[in-house]
Amino acid sequence: MPAARAPVAPQAPPAGKGRSSKVDPTARFARPVPIGVSTGNAGECSAGTISARVHDGSGNVFALSNNHVYALENGAPIGSRVLQPGLYDTNCAFDANNVLGTLAAFNTIDFSGGSNTIDAALAATTTADLGNATPADGYGTPSSGTVSAVIGQAVQKYGRSSSLTVGAITGVNATILVGYLSGTATFTDQIVAQSHKPFIKAGDSGSLLVTDDANANPVGLLFAGNQNGSYAVANRIDLVLAHCGVAIDGK
């Protein structure tokens with residue numbers, strides 16, 4: 001599909017709070033924390049979403065989210081502290097008790113005109129600190145097996161700002177221009193999901209896009225959307241996992 005030049009932006013930091021869900025994804029959760037809730041780097045007063053718990057071949061455990069959530073658009077140092085909840089949700093006050101892990105790796109986003117396929121980062125953590133299921137009002141534990149996005153596929157996500165939302169895949173292999181604080185970046189081979197209601201809001205960056213069925217197979221890593229949230233953009237989850245050298249720690 002053609003490049004999108006309309007307002008498409010990464011969905012962190014959030015614009016505000018407020019939701020009808022019984023669970024507040026902006027709150028501090030007892031450890032191990034669920035996925036789909038507030039997180040961020042200690043170096044910025046912002047907040048995004050924990051996508052999933054992932055692991056590498058050696059058994060090391062990580063929290064997956066976006067580069068712009070954990071690595072601050074290429075600017076955060078490896079080893080910097082990652083929090084749950086993100087600083088935006090603690091009135092920008094740092095609390096060492098909220099440390100979830102440390103920034104372990106991220107893909108570099110190219111702002112010079114080259115093409116990008118993922119906006120992803122990993123925070124080293126433990127199973128004692130991070131669980132692998134959403135809060136009780138979410139879809140539960142994602143499958144460890146991923147699937148490819150196809151047009152018309154029913155999908156869902158659980159995120160820090162809008163909790164559980166459902167929609168459908170309306171685009172694959174999309175080219176999208178995304179406006180970050182650091183500049184505009186071109187993303188190719190992207191997934192587009194849409195809904196008649198807001199599907200993604202500011203603060204939902206990092207949410208895991210999964211199939212809307214009992215399997216909850218991961219499809220993509222959400223990172224951007226239009227102003228009203230009806231149009232969401234996700235990286236292909238297979239590209240994210242391959243680049244990071246990890247697998248979803250799911251059911």
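Reading the values: the criteria
- Residues numbered from 1 in each chain as written.
- Predicted model: local features only at pLDDT ≥ 70, side-chain atom pairs only at ≥ 80, totals over all residues.
- Heavy atoms only, no water.
- Pairing = 2+ DSSP bridges.
- Helix = DSSP H or I, 4+ residues; strand = E, 2+ residues; numbered from the N terminus.
- Buried < 20%, exposed > 50% of the residue type's maximum accessible area, 1.4 Å probe, protein only.
- Lys, Arg positive; Asp, Glu negative; His and termini not counted.
- Salt bridge = Lys/Arg side-chain N within 4 Å of Asp/Glu carboxyl O.
- Polar contact = N/O pair within 3.5 Å; in protein donor to acceptor, adjacent residues only side chain to side chain.
- Contact = heavy atoms within 4.5 Å.
- Disulfide = S-S within 2.5 Å.
- pLDDT = per-residue confidence, 0-100.
- Phe/Tyr/Trp six-rings, centres within 6.5 Å; stacked < 30°, edge-to-face > 60°.
- Lys NZ or Arg CZ within 6 Å of the ring centre and 35° of its normal.

**Observations regarding the pairing of strand β13 (residues 208–211)**
Turning to step 1, where the next piece is worked out: Sheet topology places strand β10 (residues 154–159) next to β13; 2 bridges connect them, and they run antiparallel. Counted as the bridge partner of Q156 is V210 from β13.
Turning to step 2, where the next piece is worked out: Pairing between β13 and strand β14 (residues 218–226): 3 bridges, direction antiparallel. When the sheet's bridge partners are listed, L208 is paired in β14 with L221.
Turning to step 3, where the next piece is worked out: Here β13 folds back onto β14, and the loop between the two strands holds 6 residues, one of which, A216, carries a positive phi near 50°.

**Observations regarding the side chain of K157**
Turning to step 1, where the next piece is worked out: In this structure, K157 sits in strand β10.
Turning to step 2, where the next piece is worked out: D204 provides the closest opposite charge to the buried, unpaired K157, separated from it by 4.0 Å.
Turning to step 3, where the next piece is worked out: Within the structure, the side chain of K157 is placed 2.8 Å from the side chain of S162, a separation counted as a polar contact.
Turning to step 4, where the next piece is worked out: Discounting chain neighbours no more than four positions away, the residues touching K157 are Y139, S162, S163, L164, T165, F199, D204, S207, L208 and L222.

**Some details on the state of the cysteines**
Turning to step 1, where the next piece is worked out: What the rule picks out here adds up to 1 disulfide.
Turning to step 2, where the next piece is worked out: One disulfide in the model links C45 with C92; its S-S distance is 1.9 Å. Across the S-S bond linking C45 and C92, the dihedral sits near -70°, which makes this disulfide left-handed. In this pair, C45 sits in the loop between β2 (38–41) and β3 (48–49) while C92 sits in the loop between β6 (81–83) and β7 (99–106), placing the two residues 47 residues apart along the sequence.
Turning to step 3, where the next piece is worked out: Take C45: its relative accessible area is 30%, and that puts it in the partly exposed class.

**Re the confidence of the model for the protein chain**
Turning to step 1, where the next piece is worked out: Scored by pLDDT, the protein chain comes out at a mean of 93, with 92% of its residues at no less than 70.
Turning to step 2, where the next piece is worked out: Note that pLDDT drops below 50 for residues 1–7; the model gives that stretch 16 contacts with residues more than four away or on any other chain.

**Section: the packing of aromatic side chains**
Turning to step 1, where the next piece is worked out: Considering all chains together, one arrives at 3 aromatic pairs under this definition.
Turning to step 2, where the next piece is worked out: A centroid spacing of 5.4 Å and a plane angle of 80° characterise the contact between F111 and Y180, whose relative ring orientation is edge-to-face. With F111 in the loop between β7 and β8 (115–116) and Y180 in strand β11 (residues 163–180), this residue pair connects regions lying 69 residues apart in the sequence.
Turning to step 3, where the next piece is worked out: Among the aromatic side chains, those forming a connected cluster through ring pairs are F111, Y180, F187 and F223.
Turning to step 4, where the next piece is worked out: The cationic tip of K157 hangs over the ring face of F199; the distance from NZ or CZ to the ring centre is 5.8 Å.

**Quick word on the environment of P85**
Turning to step 1, where the next piece is worked out: Along the polypeptide, P85 turns up in the loop between β6 and β7.
Turning to step 2, where the next piece is worked out: Taking C-alpha positions, P85 is 22 Å from G229, a pair spaced 144 residues apart along the chain.
Turning to step 3, where the next piece is worked out: Non-local contacts of P85, meaning those with residues more than four positions away in its chain, are made with T26, A27, R28, S38, T39, T90 and N98.

**Section: the environment of S46**
Turning to step 1, where the next piece is worked out: Tracing the backbone shows S46 in the loop between β2 and β3.
Turning to step 2, where the next piece is worked out: Measuring from C-alpha to C-alpha, the distance between S46 and P85 comes to 9.7 Å, with 39 residues separating the pair along the chain.

**Comments concerning unusual backbone geometry**
Turning to step 1, where the next piece is worked out: Each neighbour pair has its own omega, and for R31 with P32 the value is 0°, a cis peptide bond.
Turning to step 2, where the next piece is worked out: With respect to the helices, strands and loops of the structure, P32 is situated in the loop between β1 (8–10) and β2.
Turning to step 3, where the next piece is worked out: The peptide bond linking Q84 to P85 adopts the cis configuration, its omega dihedral lying at 0°.
Turning to step 4, where the next piece is worked out: With a phi close to 80°, N74 is a non-glycine residue in the positive phi region.
Turning to step 5, where the next piece is worked out: Given a relative accessible area of 24%, N74 falls into the partly exposed group.
Turning to step 6, where the next piece is worked out: Positive phi is not limited to glycine here, since N173 has a value of about 55°.
Turning to step 7, where the next piece is worked out: Its location among the elements puts N173 in strand β11.

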